[in-house]
Amino acid sequence: MCVSIVGAGMIPVREHWSSSLAELAVEAGELALRDAALSQVDAIYIGNAYGAAFSRQTQLGSLVAAQLGMPGAEAFTCEAGDASGGVALRAAYLAVASGAVRSALALGVEKATDIVGSARLAARNVSLDADFETVNGATLTAMAGLLMRRYMHEYGLDLSHFEGFSVNAHRNGARNSCAMYRNPLRAGAYMRAPMIADPVNLFDGAPDGDGAAAVIVAGSEAAADRWFNPVRIRGSAVSTDSLSLQDRVDPLSLSAVNLSTEKCLAQADLSRENLSALELHDAYTIVTALSLEAMGYSQRGRGWEWSRDGGARIANAGELPLSTFGGLKSRGNAGGASGLYQAVEAYRQLMGRAGDNQITGARHALIQSIGGLGATVATHVLSRTVE
Amino acid sequence: MNDSRIASPAATKDASQQRAFLRGSVYSYARVLDPPAGFEESAPYYLALIRLDDGQLVTAQLTDVERTVAIGDSVEMVTRKLTTDGQRGVIVYGYKFRPVIK
């Protein structure tokens, strides 16, 4: 069965100190339901990575279903680190495609800012390899630094070659009212930013934020009868790679990005050239560069070239719009919600409802959510159904 | 268990290898200035991926670094304190790598 998105909602990524984890989820869930003019769905799939570690809360399905006015509904958490939102969308897609449920809410939520500093970093480390990475003092940022340093070494690059990815993200995020950091990056600011895990600096990595985003998924036939211009989920794929970098034959090759992109495009019967916009997992600029290589947009060692000239080619008016609402870098990385922010943003692009972030002629958009450094990769292609 | 994973030098059955330091070279490194809880005392520290002489990659901190680190530097495995499980908790020992003294 073909599957469509018929409603979407998101709240700003912020430090939401006055709202609980459940309140954030309910707010986004209600926005999506209202957008689809629905009061109920058959099932709720929650993308959340760190509920246990950040909020001491599991069983979010039960917690949220009742507060959304759907007691008794099928509802549970889908977890794959920072790809949790992407795999929750995958679960909703599979459930509807199989015919097991008629409609589903894919809802990502994270409350990251209740704990701060080194405690948050330690909590976030649950998504690394406990025995071989975390025990040795690793963080996700440090692991990204390892990839970035090696990449710079192999291809003779320095930090300045990655600046355009962050500049582009902030240029777009500045126009997005849901973005956490709406400041454009002034010339030189990226290069002067303090180091977190040298070579990764503060303006290279995406900031953690609290947030929630949701889409409503339904069968395309029913959707065509009931909703105007629904957006098709034309491809959906999840692939995995070794959890730890040390177990990969070639750490600079994100094989799960390659696999899930290929599977997703094959299902969608599309090629890269058909895609109007990309929402990639730009948690670190090195991940964006390596993703563009693994997807086939660049040869090995040349993914960074997309960041040239302040990211002119990846701007919303460029040849390959990337992070059209600011990406994780400027909109903020709300952990398990990030994959669903991508879905809401792509949905709005395809519906022509992206406001100041609207790109022209959006027909197919690819969204990609990554857990760890390419350990779990969820990729979806969303398509406009009518001209 | 995945054979490609390294446990510790002591896990090898070859007695002759037990006495030798495990050696390799720095594949990559990052200088951690923003450490997770439990590692504040050591910061800033170098986290590295070491390519062992048998080809396996290992994630570990570098220790006894006197000047700078560079990709390709020769290093050897040593036992060091990693962290302490709270003020009165157990001390967690593990492996780090130090530059090979020529």
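Residues numbered from 1 in each chain as written. Chains lettered and ligands numbered in written order. Predicted model: local features only at pLDDT ≥ 70, side-chain atom pairs only at ≥ 80, totals over all residues. Heavy atoms only, no water.

Trainee: Explain the overall build of chain B to me, please; I cannot follow it from the model alone.
Mentor: Looking only at helices and strands, chain B features 1 helix and 5 strands. Across the 102 residues that make up chain B, the buried fraction comes to 38%. Of the contacts made within chain B by residues no fewer than 6 positions apart, 46% connect residues no fewer than 24 positions apart. In the structure as shown, chain B presents an accessible area of about 6100 Å², 47% of it carried by carbon and sulfur atoms. (Helix = DSSP H or I, 4+ residues; strand = E, 2+ residues; numbered from the N terminus. Buried < 20%, exposed > 50% of the residue type's maximum accessible area, 1.4 Å probe, protein only. Contact = heavy atoms within 4.5 Å. Areas by Shrake-Rupley, 256 points an atom, 1.4 Å probe, with all protein chains shown as cover.)

Trainee: Would you explain the sheet that holds strand β9 (residues 277-279) of chain A in this entry?
Mentor: Residues and elements named next belong to chain A. Ordered by their spatial adjacency, 9 strands build an open sheet running β3-β2-β4-β7-β1-β8-β11-β10-β9, and the pairing between neighbours is mixed. Edge positions in the sheet fall to β3 (74-78) and β9, since each of these pairs with one other strand and no more. Strand-to-strand, the axes of this sheet are offset by a mean angle of 25 degrees, without reference to chain direction. Sheet topology note: the strand β1 (residues 3-10)/strand β8 (residues 231-240) ladder contains 2 bridges and is antiparallel. Bridging across to β8, Ile5 finds its partner in Val231. Contacts from helix α4 (residues 84-97) reach β1, β2 (43-47), β3, β4 (103-110), β7 (211-219), β8, β10 (364-371) and β11 (376-384), with the element oriented near 160 degrees to β2. (Pairing = 2+ DSSP bridges. Axes fitted to C-alpha atoms, helices over the stretch in contact; angles between N-to-C directions.)

Trainee: Would you explain the interface of chain B and chain A in this entry?
Mentor: A common way to state how big an interface is: give the accessible area lost once the parts meet. Taken together, the contacts link 30 residues of chain B with 35 residues of chain A. Roughly 2600 Å² of surface becomes buried between chain B and chain A when both sides are summed, with 58% attributable to carbon and sulfur atoms. Taken together, the links from chain B to chain A amount to 0 salt bridges. Linking chain B to chain A there are 14 residue pairs in polar contact (both at pLDDT 80 or more). Sorting the residues of the side of chain B that touches chain A by element identifies β1 (23-32), β2 (45-52) and β3 (57-62) of chain B as the ones contributing at least two each. Of the residues belonging to the side of chain B that touches chain A, the class tally is 20 nonpolar, 5 polar and 5 charged. Relative to β1 of chain B, strand β5 (residues 195-198) of chain A runs antiparallel, the two being bridged by 2 bridges. Bridged to Asp198 of chain A within β1 of chain B is Arg31 of chain B. (Buried area = accessible area lost by both parts, 1.4 Å probe. Salt bridge = Lys/Arg side-chain N within 4 Å of Asp/Glu carboxyl O. Polar contact = N/O pair within 3.5 Å; in protein donor to acceptor, adjacent residues only side chain to side chain. Nonpolar A, V, L, I, M, F, W, Y, C, P; charged D, E, K, R; others polar.)

Trainee: Looking at this model, I keep getting lost on the pairing of β1 of chain B. Mind explaining?
Mentor: The two faces of the sheet receive side chains in turn, since in a regular strand these alternate between them. All names here are of chain B. Where burial is concerned, most of β1 is hidden: 7 out of the 10 residues are buried. In terms of strand pairing, β1 meets strand β4 (residues 74-84) through 3 bridges, oriented antiparallel. Across the sheet, residue Gly24 finds its bridge partner in β4, namely Val75. The sheet contact formed by β1 and β2 spans 8 bridges and is antiparallel. Pairing of Ala30 across the sheet is with Leu47, part of β2.

Trainee: What's the story with the packing of aromatic side chains in this structure? I'm lost.
Mentor: The geometry of an aromatic ring pair is captured by the separation of the ring centres together with the interplanar angle, meaning the angle of the planes. Scanning all chains against the criterion turns up 7 aromatic pairs over all chains. The structure contains a cluster of three or more aromatic residues connected by ring pairs, namely Tyr151, Tyr155 and Phe162 of chain A. When the ring centre of Tyr27 of chain B is taken as reference, the NZ or CZ atom of Arg150 of chain A above it lies at 4.2 Å. Of note, Arg272 of chain A hangs over the ring of Tyr297 of chain A, and the distance from its end group to the ring centre comes to 5.6 Å. (Phe/Tyr/Trp six-rings, centres within 6.5 Å; stacked < 30°, edge-to-face > 60°. Lys NZ or Arg CZ within 6 Å of the ring centre and 35° of its normal.)

Trainee: Help me understand the pattern of salt bridges in this model?
Mentor: For side chains of opposite charge, pairing can occur when their charged atoms come near one another. Residues and elements named next belong to chain A. Taken as a whole and judged by the stated rule, the model has 18 salt bridges over all chains. Lys111 serves as the salt-bridge partner of Asp114, at 3.1 Å between the closest nitrogen and oxygen. Note that Arg149 is salt-bridged to Asp198, the shortest N-O span being 3.8 Å. Linking Arg149 in helix α6 (residues 140-155) with Asp198 in strand β5, this pair joins segments that are 49 residues apart in sequence. The exposure class of Arg149 is buried, given its relative accessible area of 16%. Residues participating in the shared-partner salt-bridge network are Asp82, Arg120, Arg124 and Asp208.

Trainee: How should unusual backbone geometry be read in this particular structure?
Mentor: Keep in mind that most residues, glycine aside, have a negative phi and that most peptide bonds are trans. In this structure, Pro199 of chain A follows Asp198 of chain A across a cis peptide bond, with omega equal to 20 degrees. With respect to the element layout, Pro199 of chain A can be found in the loop between β5 and β6 (200-201). Here Ala43 of chain B and Pro44 of chain B are connected by a cis peptide whose omega angle stands at -5 degrees. In this fold, Pro44 of chain B is placed in the loop between β1 and β2. You will see that Asp269 of chain A, though not glycine, has its phi angle at about 55 degrees, which is positive. Relative to the helices and strands, Asp269 of chain A resides in the loop between α10 (255-268) and β9.

Trainee: Would you mind showing me how to read the packing of α6 of chain A against helix α11 (residues 285-294) of chain A here?
Mentor: Two quantities define a packed helix pair, namely the angle between the helix axes and the distance between the axes. Residue and element names in this part refer to chain A. The interhelical angle for the contact between α6 and α11, taken along N-to-C directions, is 65 degrees, at an axis separation of 9 Å. For the pair α6 and α11, the sense of crossing is left-handed. Here Ala144, Leu147, Met148 and Tyr151 of α6 lie close against α11, whose contacting residues are Thr285, Ile286, Ala289, Leu290 and Glu293. Across the contact of α6 with α11, the residue classes break down as 7 nonpolar, 1 polar and 1 charged. (Left-handed = near helix turned anticlockwise from the far one by under 90°.)

Trainee: Is there a simple way to explain α11 of chain A in this structure?
Mentor: For an α-helix the count is 3.6 residues per turn, leaving residues at separations of three or four pointing the same way. Residues and elements named next belong to chain A. Taken across its 10 residues, α11 has 10 buried, putting it largely inside the fold. All buried positions along α11 are accounted for by Thr285, Ile286, Val287, Thr288, Ala289, Leu290, Ser291, Leu292, Glu293 and Ala294. Residue Gly296 follows α11 closely and has a positive phi angle near 100 degrees.

Trainee: For this particular structure, what's the right way to read the pairing of β4 of chain B?
Mentor: Residue and element names in this part refer to chain B. Looking at chain direction, β4 and strand β5 (residues 91-99) are connected through 9 bridges and run antiparallel. Considered in β5, the bridge of Thr79 is made with Tyr95. In this antiparallel pair of consecutive strands, β4 and β5, the connection spans 6 residues, and Gly86 shows a positive phi of 80 degrees.

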